[in-house]
Amino acid sequence: MQIYKELDIGSAKPTREEMQGIKHYMLDFVEPNERYSVADYKKQAIACINEILAKGKTPIVIGGTGLYINSLIYGIDYLDIGFDEEYRKELEQRAEVEGLEVLYNEAKKIDLSAMEKISINDRKRIIRVLEIYKQTGKTKTEIDIKSRENELPFDYKLFVINMDRDVLYERINKRVDIMIEQGLIEEVKNILKKYKEYPTAMQALGYKETKEYLDGKITKDEMIEKIKMESRRYAKRQLTWFRKNKEAFWLDNTEGAKDKIIDEILKLSA
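Residues numbered from 1 in each chain as written. Predicted model: local features only at pLDDT ≥ 70, side-chain atom pairs only at ≥ 80, totals over all residues. Heavy atoms only, no water.

A. Quick peek at the overall build of the chain. Across its full length, the chain carries 13 helices and 2 strands. Scaling as 2.2 N^0.38, a compact globule of 270 residues should have a C-alpha radius of gyration of about 18 Å, and the chain matches this with 19 Å. Projected onto its principal axes, the C-alpha positions of the chain cover 55 × 45 × 35 Å. For the chain, buried positions account for 37% of its 270 residues. Residue pairs in contact within the chain that sit at least 24 positions apart in sequence constitute 65% of those at least 6 positions apart. Roughly 17,000 Å² of accessible area belongs to the chain as shown, and the carbon and sulfur atoms make up 50% of that amount. For the chain, the centre of its 49 positive side-chain charges and the centre of its 50 negative side-chain charges are spaced 1 Å apart. (Helix = DSSP H or I, 4+ residues; strand = E, 2+ residues; numbered from the N terminus. Rg over C-alpha atoms; globule rule 2.2 N^0.38 Å. Buried < 20%, exposed > 50% of the residue type's maximum accessible area, 1.4 Å probe, protein only. Contact = heavy atoms within 4.5 Å. Areas by Shrake-Rupley, 256 points an atom, 1.4 Å probe, with all protein chains shown as cover. Lys, Arg positive; Asp, Glu negative; His and termini not counted. Charge placed at Lys NZ, Arg CZ, Asp CG, Glu CD.)

As structure tokens, then:
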């Protein structure tokens, strides 16, 4: 979500000071009302990686979204499947009227393997599974398997930084409090005022809950608690996703472990 302009506080976009003069790529360049797919990400990320390699440098890809990471390291070719605006509106409407669980169960019947990795609350990905099937007649899983036949484009090492679950959850809760203090509500107000349509941006964690609060659907306290709860759930799903990857090197981020983590990464990357 850091690709989006104006989504600064809720996406914890790094500040100039935090960047320490080091060039960061693919930040702050997509309008909040633009659609940006994993296929778009892969194409642009590869261009950035090649640019960095051409300078004789080592690219460091930072992320938490497993799907996007996989698109790079496994050379997955996501078909540029267009989207049927009418069908998507129909699915969005059904989600509101019938409930998201109905769509989730429909998607499950079509593609059980894909749905095992998708949360019952993940509206965007549930709808995408249904869209892919309608557009292509193939399941997302079938398309993924076919696309994985490509050769790996890069030599890479995958590192997952982990920490004690209680400490992680405490940090998540604290981060949400800081986001509110820094002006998340005002940030969302400004985006809603400026853009009539925000198809992907407003699905981001922290933004959709704040919009619910501004729409009068929940109280401010409920909004804060919901952001914390959904962030904890997302962190748990991230860890579950990367635990399935047998190539990942796990690094423990205990108190004062930063230098040790850097040394370990340099040693394993040599």
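B. Main features of the confidence of the model for the chain. For the chain, mean pLDDT is 89; residues scoring 70 or higher make up 96% of the total. When pLDDT is averaged over each helix and strand of the chain, the minimum, 81, is found for helix α8 (residues 140-147) and the maximum, 96, for helix α9 (residues 165-182). (pLDDT = per-residue confidence, 0-100.)

C. A look at helix α5 (residues 100-110). For α5, the complete set of buried residues consists of Leu100, Leu103, Tyr104 and Ala107. Down the axis of α5, the smallest arc covering the buried residues is 105°, so these residues share one side. Considering only its buried residues, α5 is in contact with α4 (85-98), α6 (112-115) and α7 (123-136). (Arc of directions from axis to C-beta.)

D. Seen up close, the packing of aromatic side chains. What the rule picks out here adds up to 3 aromatic pairs. Plain terms: the ring middles of phenylalanine 29 and tyrosine 36 are 5.8 Å apart, the flat faces sit at 85° to each other, and that makes the pair edge-to-face. Exposure remark for phenylalanine 29: the relative accessible area of 28% places this residue in the partly exposed category. Taking the relative accessible area as the measure of exposure, tyrosine 36 reaches 13% and is therefore buried. Plain terms: the ring middles of tyrosine 41 and tyrosine 68 are 5.0 Å apart, the flat faces sit at 70° to each other, and that makes the pair edge-to-face. Of this pair, tyrosine 41 sits in helix α2 (residues 38-54) while tyrosine 68 sits in helix α3 (residues 66-73), placing them 27 residues apart in sequence. (Phe/Tyr/Trp six-rings, centres within 6.5 Å; stacked < 30°, edge-to-face > 60°.)

E. Inspection of unusual backbone geometry at higher detail. Non-glycine residue alanine 12 carries a positive phi angle of around 55°. If you trace the backbone, alanine 12 turns up in the segment before α1 (16-19). One non-glycine residue, aspartate 28, lies in positive phi territory at about 60°. Aspartate 28 gets classed as partly exposed once you look at its relative accessible area, which sits at 37%.

F. Just the nonpolar core, in detail. Residues Tyr4, Tyr36, Tyr41, Leu184, Tyr207 and Met223 are the most contacted members of the largest nonpolar core, which totals 31 residues. Among the elements of the structure, α2, α3, α9, α10 (184-194) and α12 (220-243) are those that each provide at least two residues to this core. Among the elements that line this core, the one with the most residues is α2, at 5 residues. Beyond its immediate sequence surroundings of up to four residues, tyrosine 207 is in contact with Leu7, Asp8, Ile9, Gly10, Ser11, Leu184, Glu187, Val188, Ile191, Ala201 and Met202. Formed by 14 residues, the second largest nonpolar core is a distinct cluster that contains Tyr87, Leu100, Leu103 and Val129. (Core = buried A, V, L, I, M, F, W, Y, C linked by side-chain atoms within 4.5 Å.)

G. How the structure looks around the side chain of glutamate 209. Topologically, glutamate 209 is positioned in helix α11 (residues 207-214). Sequence-distant contacts of glutamate 209, defined by excluding residues within four places in its chain, comprise Ala204, Ile218, Met223, Lys226, Ile227 and Glu230.

H. A look at the pattern of salt bridges. For the structure shown, the criterion picks out 20 salt bridges. When the shortest N-O distance is used, the salt bridge between lysine 23 and glutamate 51 registers 3.6 Å. Of the two residues, lysine 23 sits in the loop between α1 and α2 while glutamate 51 sits in helix α2, which places them 28 residues apart along the sequence. Across the pair arginine 94 and glutamate 98 runs a salt bridge, and its minimum N-O distance is 2.9 Å. One end of the pair, arginine 94, and the other, glutamate 98, are both in helix α4, 4 residues apart, so they sit about a helical turn from each other. On the accessibility criterion, arginine 94 (19% relative accessible area) is buried. By relative accessible area, which is 41% here, glutamate 98 ends up partly exposed. Through salt bridges with shared partners, a single network forms among Asp8, Lys13 and Asp28. (Salt bridge = Lys/Arg side-chain N within 4 Å of Asp/Glu carboxyl O.)

I. Representation of the pairing of strand β1 (residues 159-162) within the structure. Only one face of β1 is covered, namely the face carrying Val160 and Asn162; the face carrying Phe159 and Ile161 is uncovered. Here β1 runs beside strand β2 (residues 249-252); their pairing, made up of 4 bridges, is parallel. Across the sheet, valine 160 pairs through a bridge with tryptophan 250, a residue of β2. (Pairing = 2+ DSSP bridges.)

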